[in-house]
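Below are the chains, spelled out letter by letter.
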Amino acid sequence: MPAPDFSPLARGYQALEWLAFGGDLERARFCLLERLAGRRSILILGEGDGRCVARLLPLVPGARIDCVDVSPGMVARTSSRLAPLPGREAVNLICADALTREFPPATYDAVVTLFFLDCFEPAPAAALVGRIKAATVPGACWLFADFRVPERGLPRLRARLWLAGLYAFFRWQTGLRPRALPPSEALIEQAGFRREESRTFQWGLLVSSLYAARGAPPSLQL
Ligand SMILES: C[S@@+](CC[C@H](N)C(=O)[O-])C[C@H]1O[C@@H](n2cnc3c(N)ncnc32)[C@H](O)[C@@H]1O
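Residues numbered from 1 in each chain as written. Predicted model: local features only at pLDDT ≥ 70, side-chain atom pairs only at ≥ 80, totals over all residues. Heavy atoms only, no water.

Caption draft 1: Fine view of the confidence of the model for the protein chain. Looking at the protein chain, pLDDT values average 95 and 97% of them are 70 or higher. Ignoring residues within four places in sequence, the model shows residues 218-222, a span with pLDDT below 50, making 13 contacts including any to other chains. (pLDDT = per-residue confidence, 0-100. Contact = heavy atoms within 4.5 Å.)

Caption draft 2: Broad picture of the site of the ligand. Near the ligand, the surroundings consist of 19 residues, among which R29, G46, D69, S71 and L114 are the closest. Between the ligand and the protein, one listed contact pairs a nitrogen atom with a backbone N or O atom of E47 at 3.3 Å. A distance of 2.8 Å separates a nitrogen atom of the ligand from a polar side-chain atom of D97. Contact with the protein chains removes 97% of the 600 Å² of surface that the ligand exposes when unbound. (Near = heavy atom within 4 Å. Polar contact = N/O pair within 3.5 Å; in protein donor to acceptor, adjacent residues only side chain to side chain. Areas by Shrake-Rupley, 256 points an atom, 1.4 Å probe, with all protein chains shown as cover.)

Caption draft 3: Region of the structure containing the pattern of salt bridges. Applying the stated criterion across every chain, the model contains 14 salt bridges. The salt bridge involving D24 is made with R27; its shortest N-O contact spans 2.9 Å. Taken together, the positions of D24 and R27, both in helix α2 (residues 24-30) and 3 residues apart, correspond to about one turn of that helix. For R27, a relative accessible area of 46% puts it in the partly exposed group. Across the pair D49 and R81 runs a salt bridge, and its minimum N-O distance is 3.6 Å. (Salt bridge = Lys/Arg side-chain N within 4 Å of Asp/Glu carboxyl O. Helix = DSSP H or I, 4+ residues; strand = E, 2+ residues; numbered from the N terminus. Buried < 20%, exposed > 50% of the residue type's maximum accessible area, 1.4 Å probe, protein only.)

Caption draft 4: Expanded view of helix α5 (residues 122-134). Across its 13 residues, α5 extends 19 Å between first and last C-alpha, which sits within 8% of the 18 Å expected from 1.5 Å per residue. Buried within α5 we find A125, L128, V129 and I132. Here the buried residues of α5 occupy an arc of 100° about the axis, which is enough to place them on one side. Contacts from the buried residues of α5 go to β1 (41-45), β4 (108-114), β5 (136-147) and α7 (184-190). (Expected span 1.5 Å × (residues − 1). Arc of directions from axis to C-beta.)

Caption draft 5: View of helix α4 (residues 72-82). Looking at α4, one finds that the buried residues are G73, M74, V75, T78 and L82. Residues of α4 that are buried in the fold lie against α1 (13-21), α3 (51-56), β2 (64-69) and β3 (91-95).

Caption draft 6: The side chain of D146, seen in detail. Among the secondary structure elements, D146 is positioned in strand β5. Notably, D146 is buried but unbridged: the nearest opposite-charge side chain belongs to R29, and the N-O separation is 9.7 Å. Among the polar contacts listed, one links the side chain of D146 to the backbone nitrogen of D118, at a separation of 3.2 Å. With near-sequence residues (within four places) excluded, D146 lies in contact with F115, F116, L117, D118, L205, L206 and V207. (Lys, Arg positive; Asp, Glu negative; His and termini not counted.)

Caption draft 7: Representation of the environment of S79 in the model. The topology assignment puts S79 in helix α4. Of the residues examined, S79 reaches a relative accessible area of 38% and is grouped as partly exposed. In sequence terms S79 and A213 are 134 residues apart; their C-alpha atoms lie 31 Å from each other.

Caption draft 8: How the structure looks around the packing of aromatic side chains. On inspection of all chains with the given rule, the structure shows 9 aromatic pairs. Judged by centre distance (5.4 Å) and plane angle (85°), the ring pair of W142 and F193 falls under edge-to-face. Of this pair, W142 sits in strand β5 while F193 sits in strand β6 (residues 193-201), placing them 51 residues apart in sequence. Side by side, W142 and F193 carry an identical accessibility label, which is buried. Ring centres 5.3 Å apart and planes at 75° place the aromatic pair F169 and F170 in the edge-to-face group. According to the relative accessible area criterion, F170 is buried, its value standing at 16%. A connected cluster of aromatic rings, assembled from ring pairs, spans F6, F169, F170 and W172. (Phe/Tyr/Trp six-rings, centres within 6.5 Å; stacked < 30°, edge-to-face > 60°.)

Rendered as structure tokens:
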């Protein structure tokens, strides 16, 4: 399946999300980011326009950060956002499809996926989550933010309407194929991570969670 290309949206992406959700996407992305302080080897998937890695850099001095995105326009935005920042040499910008890119085994002590797993159908998402897990070391954490459909009531109806509109928009603009969310949180848990902390925004439409690998010695857990 061809990967989507978010390049046409790269420049206006931040303005678009502010029009749609005000600052709540930004709050969902970054409310738990500081929990990554001190991590040494970080994999960011679907980075987008570089806002996450730019905020993360000062929290993790000396860490190596591999930053993967399939859209050349997004990688270019990230590159120019990083250019003036101290420590940018620690970031390895990789323009590649996460579904086919090989990840080094047992390497990362933190993974970041922000509004990224929603780009996949359930089966590719499951395979990808399994491959990401294989690239982590014991004690790794996973910062996840994404859309979510609340269990019931008006928030559920509202979320379904928003998601139908968003998927239609991204299909038109980027060629994104899926039409619904994969069960990302269940997949992360099945891969051996336990949710440590979680916050929701926009009546439950947005969720931000920090996961820790299960079974790590307590000294390695969050
Ligand atoms: C909805 S945007 C989210 C960007 C950013 N993480 C954020 O929070 O705004 C999804 C990003 O994932 C990237 N992406 C989508 N499918 C991908 C794939 N198969 N491999 C790598 N990156 C992908 C897109 O290029 C885009 O930058």
